[in-house]
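# Observations on the three-dimensional arrangement
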Amino acid sequence: KRLSPSPDIISASPVANSHSGGACVCRVCGKTFSRPWLLQGHIRTHTGEKPFCCSKCDYKCTTLNDLKTHDRIHNGEKPFSCSLCDKKFSYAGALKTHEKVHTGDKPFSCSQCDYKCSTSGDLKKHVKTHSGEKQTDATNVTTHALTQVL
């Protein structure tokens, strides 16, 4: 749910003092957080505010931690490595995706044929083979063509 910033959302306060073990609750969606600053970052998902900007590219995000994580792309830091092949990654999610290569897990399937693969990106490329679209532009594939096997 995306909203314009309003005083009611921005001034969302914890329902109880966080030091006394109380939870901070989002007034928009009801999600709870253990700390007020976590709630503040979450509220940005509703307002669309992205106050943290990368000085090296156009990337913008909602938290300083996300910006620090993004900076790994620019500084080459790859703290996550595969225990099976030692390939290194900047993001934990990229490692998790890579690990499917070793497990054989293929949770994405084509709705038009029996093709299955381990990443949504691979599926987007595959779907283009049915439409005759060029494989180089994966951004225009419609989401309805993708199904994930659970």
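A quick note: this is a predicted structure, and the numbers were derived from the prediction, not measured. (Residues numbered from 1 in each chain as written. Predicted model: local features only at pLDDT ≥ 70, side-chain atom pairs only at ≥ 80, totals over all residues. Heavy atoms only, no water.)

## Section: helix α2 (residues 36-47)
Taking 1.5 Å per residue as the helical rise, α2 with its 12 residues ought to reach 16 Å, and the 17 Å between its terminal C-alpha atoms agrees with that figure. Within α2, the full set of buried residues consists of Leu39, Gly41, His42, Ile43, Arg44, His46 and Thr47. Count one or two residues on from α2 and you reach glycine 48, which has phi positive near 85°. (Helix = DSSP H or I, 4+ residues; strand = E, 2+ residues; numbered from the N terminus. Expected span 1.5 Å × (residues − 1). Buried < 20%, exposed > 50% of the residue type's maximum accessible area, 1.4 Å probe, protein only.)

## Some details on unusual backbone geometry
Of note in the backbone geometry, aspartate 86 takes a positive phi value of approximately 65° without being a glycine. Within the secondary structure, aspartate 86 sits in the loop between β5 (80-81) and β6 (88-89). Since its relative accessible area comes to 56%, aspartate 86 is described here as exposed.

## Observations regarding the side chain of histidine 46
You can see histidine 46 is positioned in helix α2. A distance of 3.1 Å separates a polar atom in the side chain of histidine 46 from a polar atom in the side chain of histidine 42. (Polar contact = N/O pair within 3.5 Å; in protein donor to acceptor, adjacent residues only side chain to side chain.)

## Considerations on helix α5 (residues 92-103)
The terminal C-alpha atoms of α5, which comprises 12 residues, lie 17 Å apart, in line with the 16 Å expected from a rise of 1.5 Å per residue. Taken together, the buried positions of α5 are occupied by Leu95, His98 and Lys100. Along its buried surface, α5 packs onto β5, β6 and β7 (108-110). Just past α5, the residue glycine 104 takes up positive phi, approximately 80°. (Contact = heavy atoms within 4.5 Å.)

## Here's the deal with the confidence of the model for the protein chain
On average, residues of the protein chain score 79 in pLDDT, and 73% of them reach the 70 mark or higher. Highest mean pLDDT in the protein chain belongs to strand β3 (residues 52-53) (96); lowest belongs to strand β9 (residues 146-148) (41). Here residues 137-150 is a poorly scored stretch, pLDDT under 50, and it has 23 contacts once near neighbours within four places are set aside; other chains count. (pLDDT = per-residue confidence, 0-100.)

## Details of the pattern of salt bridges
Should the charged atoms of two oppositely charged side chains come close, the side chains can pair. The final tally for this structure, using the stated rule, is two salt bridges. In this structure, glutamate 49 and arginine 44 form a salt bridge, with 3.6 Å as the shortest nitrogen-oxygen distance. Taking relative accessible area as the criterion, arginine 44 reaches 14% and is therefore assigned buried. Among the ionic pairs, lysine 56 bridges to aspartate 71, the shortest N-O distance being 2.9 Å. Residue lysine 56 is located in the loop between β3 and β4 (60-61), and its partner aspartate 71 is located in the loop between α3 (64-70) and α4 (72-75); the two are separated by 15 residues in the primary sequence. (Salt bridge = Lys/Arg side-chain N within 4 Å of Asp/Glu carboxyl O.)

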